[in-house]
Amino acid sequence: MTRAPAGGAIERVGVLGCGLMGAGIAEVCARSGAGVVVVEASDGAVATGRKRLTASLERAVASGRLDSAARDEVLARISFGTGIEAFADRQLVIEAVPEVLELKLDAFRRIDAAVADPEAILASNTSSIPIGRIAAATGRPGQVLGVHFFNPVPVLPLVELVSSLQTSPDTLARARSFAEGLGKQVILAQDRAGFVVNALLVPYLLSAIRMLEAGHASAEDIDTGMVAGCAHPMGPLRLADLVGLDTTLHVANSLYGEFKEPHYAPPALLMRMVDAGRLGRKSGAGFYTYD
Ligand code: 3HC
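Bear in mind that the values here come from a model prediction, so they are computed numbers and not experimental data.

The rules we used
- Residues numbered from 1 in each chain as written.
- Predicted model: local features only at pLDDT ≥ 70, side-chain atom pairs only at ≥ 80, totals over all residues.
- Heavy atoms only, no water.
- Helix = DSSP H or I, 4+ residues; strand = E, 2+ residues; numbered from the N terminus.
- Rg over C-alpha atoms; globule rule 2.2 N^0.38 Å.
- Contact = heavy atoms within 4.5 Å.
- Areas by Shrake-Rupley, 256 points an atom, 1.4 Å probe, with all protein chains shown as cover.
- Lys, Arg positive; Asp, Glu negative; His and termini not counted.
- Charge placed at Lys NZ, Arg CZ, Asp CG, Glu CD.
- Domains from an automatic or database assignment.
- Buried area = accessible area lost by both parts, 1.4 Å probe.
- Salt bridge = Lys/Arg side-chain N within 4 Å of Asp/Glu carboxyl O.
- Axes fitted to C-alpha atoms, helices over the stretch in contact; angles between N-to-C directions.
- Parallel < 35°, antiparallel > 145°, perpendicular 65-115°, else oblique.
- Nonpolar A, V, L, I, M, F, W, Y, C, P; charged D, E, K, R; others polar.
- Pairing = 2+ DSSP bridges.
- Phe/Tyr/Trp six-rings, centres within 6.5 Å; stacked < 30°, edge-to-face > 60°.
- Buried < 20%, exposed > 50% of the residue type's maximum accessible area, 1.4 Å probe, protein only.
- Lys NZ or Arg CZ within 6 Å of the ring centre and 35° of its normal.
- Near = heavy atom within 4 Å.
- Polar contact = N/O pair within 3.5 Å; in protein donor to acceptor, adjacent residues only side chain to side chain.

Chemist: Sorry, what's going on with the overall build of the chain here?
Modeler: The secondary structure content of the chain amounts to 11 helices and eight strands. Computed over C-alpha atoms, the radius of gyration of the chain comes to 19 Å, within 12% of the 19 Å expected from 2.2 N^0.38 for 291 residues, which places it in the range of a compact globule. Overall size of the chain, expressed as C-alpha extent along the three principal axes, is 55 × 45 × 40 Å. The contacts of the chain with a sequence gap of at least 6 include a subset with a gap of at least 24, amounting to 68%. For the chain, the exposed area adds up to about 13,200 Å²; of that, 56% sits on carbon and sulfur atoms. With 27 positive and 31 negative side-chain charges, the chain shows a spacing of 1 Å between the two charge centroids.

Structure representation (structure tokens):
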């Protein structure tokens, strides 16, 4: 007989960070019935995150995927604030702060100190930073793992689960059952930079940026090539804009740092665009401009 994982079903979730990914993660958790506490760094970031999450729910209502009573119930299950002590009673905390190692380590030290439940799971939505390195910042590395969602989180069905060398089998089993309860499809990945999806996707995005930089074709033609020629839902430059050029750069740096392979090295054009604040859709301009 298989032993049930310790800790029971997860009904109280914390999400640290309410950017593109954090807002989507909070939304899908609340839509599945969990109570969600969202913590952001400032009142301004809370206001922006709340707006982002509400806009996504409104979109679901407008397209008939959610009725307005259900939207209100979802919103009633989510609370927002700036104090990490609000995570004290959480059974699962998912960190979704920017993809910078020092920020992640600091976030995990603070989450570890705030969460009282000794069986709670501390998860990172990191795109590429080794989970083992993040886990070492806590006093409970066996309960730390990667739970990696895809953008837009309410739409894309995948979650990558990443165990470090120290993640316990119970932690993985509980996280798997939670992710499946969100209606997500789970794949398991080794703790290597980029895991499965970004290790394949990001070099493709970087190749498209190099192609544009070298003048092989226009941004529109590169994108049309992959949409009309390969049936991708969007081309690589539009996708880089959706992911965020800062995030694309951070993931490229993590991949290059780990494997030292030239195809992971960020192209100069990407670095200059990030320097200029052209971060893609979220900043209003990247390879394209947005309202
Ligand atoms: N939030 C919530 N819902 C959204 C949304 C968003 N940001 N964007 C789109 N949707 C919903 C729409 O409401 C619509 O639902 P409906 O059909 O029920 O009304 C549905 O998704 C389709 O949207 P649209 O008709 O507006 O647009 P498209 O059909 O062009 O689809 C897309 C948009 C879903 C973004 C699609 O182009 C797509 O899937 N692109 C690929 C995205 C991708 O590859 N993401 C992975 C990035 S890698 C990553 O996230 C990892 C990270 O670590 C870097």
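Anyway, onward from the coordinates.
Chemist: Looking at this structure, I do not really get the domain arrangement of the chain. What am I missing?
Modeler: It is common to give the size of an interface as the accessible area lost on bringing the parts into contact. Here the chain is described as being made up of domain 1 (12-189) and domain 2 (199-280). Its C-alpha centre places domain 1 at a distance of 26 Å from the equivalent point of domain 2. On the side of domain 2, seven residues touch domain 1, which itself brings nine residues to the contact. When residues of domain 1 are sorted by the area they lose upon contact with domain 2, E99, S128 and N151 head the list and together hold 57% of the total. Inspection of the domain 1/domain 2 interface yields zero salt bridges.

Chemist: Sorry, what's going on with the packing of helix α8 (residues 219-230) against helix α9 (residues 236-243) here?
Modeler: A packed helix pair is summarised by two numbers, namely the angle formed by the two axes and the spacing between the axes. It is the contact of α8 with α9, at a shortest axis distance of 7 Å, that shows an interaxial angle of 100 degrees. Our classification of the angle between α8 and α9 gives roughly perpendicular. Contacts between α8 and α9 involve A219, I222, D223 and M226 from the former and P236, L237 and R238 from the latter. The class makeup of the residues in the contact of α8 with α9 is five nonpolar, no polar and two charged.

Chemist: Just checking my understanding: could you explain the sheet that holds strand β2 (residues 35-39) for this structure?
Modeler: Hydrogen bonds along the backbone pair up the strands of a sheet, which may run parallel or antiparallel. Reading across from one edge, β3-β2-β1-β4-β5-β6-β7-β8 is the order of the eight strands in this open sheet, with mixed pairing throughout. The open sheet has two edge strands with one neighbour each: β3 (78-81) and β8 (185-189). In this sheet, adjacent strand axes meet at a mean angle of 25 degrees when their direction is disregarded. Sheet topology places strand β1 (residues 12-16) next to strand β4 (residues 92-95); four bridges connect them, and they run parallel. Within the sheet, the bridge partner assigned to V15 lies in β4 and is I94.

Chemist: Looking at this model, I keep getting lost on the packing of aromatic side chains. Mind explaining?
Modeler: The geometry of an aromatic ring pair is captured by two quantities: the separation of the ring centres and the angle between the planes. In the structure shown here, the tally under the stated rule is one aromatic pair. Between F259 and Y264, the ring centres sit 5.6 Å apart and the planes meet at 40 degrees, which makes this aromatic pair tilted. Looking at F259, the relative accessible area reads 31%, which means it is partly exposed. Directly above the ring of Y288 sits R238, whose terminal nitrogen or CZ lies 3.9 Å from the centroid.

Chemist: Would you take a moment to explain the site of the ligand for this structure?
Modeler: Around the ligand, the surrounding shell holds 19 residues, and the nearest of these are S63, R65, S127, H148 and N151. Between S127 and the ligand, the recorded distance is 2.8 Å, taken from a side-chain N or O atom to an oxygen atom. Between N198 and the ligand, the recorded distance is 3.0 Å, taken from a side-chain N or O atom to an oxygen atom. Out of a free accessible area of 1,000 Å², the ligand has 67% covered by protein chains. Listed by contribution, the elements that provide at least two residues to the shell around the ligand are α2 (43-62), α7 (197-213) and α9. Ranked by the residues each element gives to the shell around the ligand, the list is headed by α9, at three residues. Of the residues that constitute the shell around the ligand, the class distribution is 11 nonpolar, six polar and two charged. Mapped onto the domain boundaries, the shell around the ligand takes at least three residues apiece from domain 1 (12-189) and domain 2 (199-280).

Chemist: Teacher, can you tell me more about the side chain of E95 here?
Modeler: Note on placement: E95 falls in strand β4. Given a relative accessible area of 0%, E95 falls into the buried group. Polar side-chain contacts of E95 include one of 2.5 Å to the side chain of S124. Excluding its chain neighbours within four sequence positions, the residues that come into contact with E95 are L16, K104, A107, F108, I111, A123, S124 and N125.

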